[in-house]
Amino acid sequence: MAAATATTAFRHALLQEAAYDDLLPGERLALHLAFAQALAERGPGSGAMAAGHWAELAYHWLAARDDRRAFDASIRAGEAAARAFAFADARRHDERALELWSRVDGPEELAGIDRVELLDRAAVAAWLAGDTRRAVALRREAVAALGPDADPIRVGDMMERLGRALWVNAETEAALEAHEAAVRIMPPEPPTAELARVLSGYGQILMLLDRWSESTILCKQAVDIARDVGARQVEGHALNTYGLDLAVGGRCEEGFAELEAALAIAREVANADDIGRAYNNLAEARRVCGDIRGGLEVAREGVRAAEETGMARTYGTFIGANGVSYAFDLGLWEEADGIAEAYISTQPVSRPQRRYRPDPVAATPGRRGRRSGRRIPR
């Protein structure tokens, strides 16, 4: 081992592994406990440092068999990782907390949320990390955990979230059914943020199915309710769909303005999903209104934003797919080839990517007369 200022390190990971394996069980327990106590005294810091701190602390508390502290650190690690846009890590920490839920006393008080909310949080992280199937499973469990006597407002809200998860997992009919069920369950009065979200979610899937007029009406209702009750994130979500509805209906400048507002709100509330949607929808709105070059500029910016916010496997791929089409339309063959190659060769194929990603041959030099004909649902 080589000594450095205030630290000790192994020269090679294999030496560390051999030393660890040579410890007796009681020695390992004591070592992890000492590490956990030292880390806890140090403090978490902020940003990515906080995510790493809580993740390491959760690992050591778990290895020291202190389930309560491991649970608390896992909850905090999931929160910090999501804030740092490290969604795969956030999902892992949230799922560890779910595993520990029944092993600690008073988990709701310790976590500050109930199990349903933790399941939903894990589902968001799974989706943004690219695992749509896992997101559906977590959301189904969240709905089931509510039970038959749950508040209908909460049931409707969770059904809307399940519908979105089903859509991105390419289960169209089930997604539509879930959104319709959410609308039926949700009380129409009084106006609530949850009602606005259910209407916005239903409007979104109707837009995805090209039922533009119905979507426009529902999303306008959702925007009005969200503004009345001060639900800023829901307002942005609804504007995200409403803006594209307007553009498709020929009200281009209004649509652009609403989509720019949606993007501003998404950034304000740090909602990664809405950031990705806003770039995707604004790019499509530009294309629909005849400004293909403007759509390509938005797509370029959107791909960069997706990479910066940990969404390269989801919105990075979807926005990139549209970018291939826009570049093709503009005769920018090399750029189209480059985008297609980057996102087809580097991203593992998942169900939504099989549904949404660019046709591998659409933009290749030998196939420039052919188009995939696919556009990315919004």
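Above this text you will find the structure in question.
Read on for an overview of the structure.

Considerations on the environment of Arg227
Checked against the element boundaries, Arg227 lands in helix α12 (residues 212–229). A sequence separation of 34 residues divides Arg227 from Ala193, and the C-alpha atoms of the two residues are 9.1 Å apart. Apart from residues lying up to four places away in sequence, Arg227 is in contact with Glu235 and Leu239.

Quick notes on the packing of helix α5 (residues 87–100) against helix α7 (residues 115–128)
Across the interface, α5 lies against α7 with an axial gap of 8 Å and an inter-helix angle of 150 degrees. Regarding the angle of α5 to α7, the classification is roughly antiparallel. As α5 packs across α7, the resulting crossing turns out to be left-handed. Residues Phe87, Ala90, Arg91, Asp94, Ala97 and Leu98 of α5 touch α7, and the partners they reach there are Arg115, Leu118, Leu119, Arg121, Ala122, Ala125, Ala126 and Leu128. Considered class by class, the residues forming the contact of α5 with α7 number 10 nonpolar, no polar and four charged.

Observations concerning the side chain of Asp157
Inspection of the secondary structure assignment puts Asp157 in helix α9 (residues 152–168). Setting aside chain neighbours within four positions, we find Asp157 in contact with Met186, Glu194, Arg197 and Val198.

Some words on the pattern of salt bridges
By the definition in use, this model includes 26 salt bridges. The partner of Asp67 in a salt bridge is Arg103, with the nearest N and O atoms 3.1 Å apart. One end of the pair, Asp67, is in helix α4 (residues 67–83); the other, Arg103, is in the loop between α5 and α6 (107–111), with 36 residues separating them in the sequence. Each of Arg91, Glu95, Asp131 and Arg134 takes part in one network of salt bridges that share partners.

As for α5
An ideal rise of 1.5 Å per residue puts 20 Å on 14 residues; α5 measures up with 20 Å between its terminal C-alpha atoms. Within α5 the residues assigned to the buried category are Phe87, Ala90, His93, Asp94, Glu95, Arg96, Ala97, Leu98 and Leu100.

Focus on unusual backbone geometry
Cis peptide bonds are those with omega within 30 degrees of zero, and the linkage from Glu189 to Pro190 qualifies with -5 degrees. Among the structural elements, Pro190 can be located in the loop between α10 (172–185) and α11 (193–208). Here Phe85, not a glycine, exhibits a phi torsion of approximately 60 degrees, which is positive. Residue position: Phe85 is located in the loop between α4 and α5. Taking relative accessible area as the criterion, Phe85 reaches 24% and is therefore assigned partly exposed. With a phi angle near 65 degrees, Ala170 is a residue other than glycine that sits in the positive phi range. Mapping Ala170 onto the fold places it in the loop between α9 and α10.

Quick word on the layout of surface pockets
The computed volume of the largest pocket comes to approximately 1000 Å³. Together, 38 residues line the largest pocket, and Asp120, Arg121, Val124, Arg161 and Asn271 are the ones closest to its centre. At the level of elements, α4, α5, α7, α8 (132–146), α9, α11, α13 (232–248) and α15 (272–288) are the ones that each hand at least two residues to the lining of the largest pocket. Its residues assigned to classes, the lining of the largest pocket shows 18 nonpolar, four polar and 16 charged.

Section: α13
End to end, α13 covers 25 Å across 17 residues, agreeing with the expected 24 Å (1.5 Å per residue, within 8%). Within α13, 14 of the 17 residues are buried, which leaves it mostly tucked inside the rest of the structure. The positive-phi residue at the C-terminal boundary of α13 is Gly250, with phi of around 95 degrees.

Topic: the packing of α13 against α15
For the pair α13 and α15, interaxial distance at closest approach is 9 Å and the crossing angle is 15 degrees. One element, α13, and the other, α15, form an angle in the roughly parallel class. In the packing of α13 onto α15, the handedness of the crossing is left-handed. Where α13 abuts α15, its residues Gln233, His237, Asn240, Thr241, Leu244, Ala247 and Val248 lie against Asp274, Arg277, Ala278, Asn281, Glu284, Ala285 and Val288. Taken together, the residues of the contact of α13 with α15 sort by class into six nonpolar, five polar and three charged.

What counts, and at which threshold
Residues numbered from 1 in each chain as written. Predicted model: local features only at pLDDT ≥ 70, side-chain atom pairs only at ≥ 80, totals over all residues. Heavy atoms only, no water. Helix = DSSP H or I, 4+ residues; strand = E, 2+ residues; numbered from the N terminus. Contact = heavy atoms within 4.5 Å. Axes fitted to C-alpha atoms, helices over the stretch in contact; angles between N-to-C directions. Parallel < 35°, antiparallel > 145°, perpendicular 65-115°, else oblique. Left-handed = near helix turned anticlockwise from the far one by under 90°. Nonpolar A, V, L, I, M, F, W, Y, C, P; charged D, E, K, R; others polar. Salt bridge = Lys/Arg side-chain N within 4 Å of Asp/Glu carboxyl O. Expected span 1.5 Å × (residues − 1). Buried < 20%, exposed > 50% of the residue type's maximum accessible area, 1.4 Å probe, protein only. 1 Å grid on protein atoms, 1.4 Å probe; cavity = no way out; pocket = protein on both sides within 12 Å on 5 of 7 lines; lining within 4 Å. Points joined across faces, edges and corners; volume = space filled by probe spheres on them.

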